[in-house]
Amino acid sequence: MEKQLHWVKAAFSRSVVIMKGDEVVGGMHRDLLVRDVDAHLNGVHIFFDVAGFLVHSVNIHDKTAGDQIIGRIDFEGFNGAVVRLETGEKYTWKRENFMMHEWSIVAEKPESKTAQEIIHYDRTRMFLADEGTIELVTDLPNAEMLILTGLFVRNYFLRKRKIAAT
């Protein structure tokens, strides 16, 4: 798994492209008027199935392994989200600032009561487009799924913010 990736979301697009240098290695897409998101990175294909009316939760499906549920995302208001995998692992999505220029995925370690940053994201705003970098701080076997989950949660919160503003 690459340690540094670049992501781009063009203006008015419902898709995010993930690149390593000039090579496209992944992406995410959401259809119009649908909350669910299809995502892939380095051969890993997952589907974020958004459920609920006012309070949403998201099942994470591994499309590579026959569409089985591998985890769940539970949202904590506008402040963060918790990712719980079927294997028992727990990760937290945290925004570093109010404008969501930086955010991260951290691993919760119950034995030490500390959190270790796994993936760090940043966003730079171009004219009418978003782009930024993804840094894999700690290499894990499920790094692709966690990278996609971090981007999904960020986009989810931005959509909620836009809906609330209208």
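Above this text sits the structure in question.
Residues numbered from 1 in each chain as written. Predicted model: local features only at pLDDT ≥ 70, side-chain atom pairs only at ≥ 80, totals over all residues. Heavy atoms only, no water.

(A) Structural context of the overall build of the protein. Of the regular secondary structure elements, the protein holds one helix and 12 strands. N-terminal to C-terminal, the α/β element order of the protein is β-β-β-β-β-β-β-β-β-β-β-β-α. Overall, the protein is about 45 × 40 × 35 Å in size when its C-alpha atoms are taken along their principal axes. By residue count, 42% of the 166 residues in the protein fall in the buried class. With the model as given, the accessible surface of the protein reaches about 8900 Å², and the carbon-plus-sulfur share is 57%. (Helix = DSSP H or I, 4+ residues; strand = E, 2+ residues; numbered from the N terminus. Buried < 20%, exposed > 50% of the residue type's maximum accessible area, 1.4 Å probe, protein only. Areas by Shrake-Rupley, 256 points an atom, 1.4 Å probe, with all protein chains shown as cover.)

(B) Structural context of the packing of aromatic side chains. On inspection of all chains with the given rule, the structure shows eight aromatic pairs. Ring centres of Trp103 and Tyr121 lie 5.1 Å apart, and the angle between their planes is 10°; this geometry places the pair in the stacked category. With Trp103 in strand β10 (residues 102–109) and Tyr121 in strand β11 (residues 114–126), this residue pair connects regions lying 18 residues apart in the sequence. Judged by its relative accessible area of 0%, Trp103 falls in the buried class. Considering the side-chain rings of Tyr156 and Phe157, the 5.8 Å spacing of their centres and the 70° angle between planes classify their relative orientation as edge-to-face. Feature note: the residues Phe48, Phe75, Trp93, Phe152, Tyr156 and Phe157 constitute an aromatic cluster, connected by ring pairs. The ring of Phe47 has Lys63 lying over it, and the distance from NZ or CZ to the ring centre is 5.5 Å. (Phe/Tyr/Trp six-rings, centres within 6.5 Å; stacked < 30°, edge-to-face > 60°. Lys NZ or Arg CZ within 6 Å of the ring centre and 35° of its normal.)

(C) How the structure looks around the environment of Lys20. The residue Lys20 is located in strand β2 (residues 15–20) in this model. Sequence-distant contacts of Lys20, defined by excluding residues within four places in its chain, comprise Glu2, Leu5 and Val25. (Contact = heavy atoms within 4.5 Å.)

(D) Region of interest: the nonpolar core. Residues Met28, Phe48, Ile73, Phe75, Ile119, Leu151 and Phe152 are the most contacted members of the largest nonpolar core, which totals 42 residues. Broken down by element, the residue count for this core peaks at 11 residues, all from helix α1 (residues 143–165). For Met28, the residues in contact, after removing those within four places along its chain, are Arg14, Ser15, Val16, Val37, Asp38, Ala39, Phe48, Leu148, Leu151 and Phe152. (Core = buried A, V, L, I, M, F, W, Y, C linked by side-chain atoms within 4.5 Å.)

(E) Representation of the pairing of strand β9 (residues 90–95) in the model. Taken together, the five bridges between strand β8 (residues 80–85) and β9 define a ladder with antiparallel strand orientation. Opposite Arg84, over in β9, you have Lys90 as the bridge partner. Hairpin connection from β8 to β9: four residues lie between these consecutive antiparallel strands, with Gly88 at a positive phi of about 100°. (Pairing = 2+ DSSP bridges.)

(F) Region of interest: a nonpolar patch on the surface. Residues Phe12, Phe127 and Leu128 make up a contiguous nonpolar surface patch of roughly 460 Å² in combined accessible area. As for its position among the elements, Phe127 is in the loop between β11 and β12 (129–136). (Patch = residues over 30% accessible without salt bridge, like charges linked within 9 Å, V, L, I, M, F, W, Y side chains within 5 Å. Salt bridge = Lys/Arg side-chain N within 4 Å of Asp/Glu carboxyl O.)

(G) Representation of the environment of Ile70. Structurally, Ile70 is set in strand β7 (residues 68–76). The sequence separation of Ile70 and Arg35 amounts to 35 residues, and the corresponding C-alpha distance is 19 Å. Sequence-distant contacts of Ile70, defined by excluding residues within four places in its chain, comprise Ile60, Asp62, Leu85, Glu86 and Met145.

(H) Region of the structure containing the pairing of strand β3 (residues 23–29). Two elements, β2 and β3, share six bridges in a ladder whose sense is antiparallel. For Val16, the partnering residue across the bridge sits in β3 and is Met28. Hairpin geometry of β2 and β3 is characterised by an intervening segment of two residues between the two adjacent antiparallel strands and by a positive phi of about 65° at Gly21.

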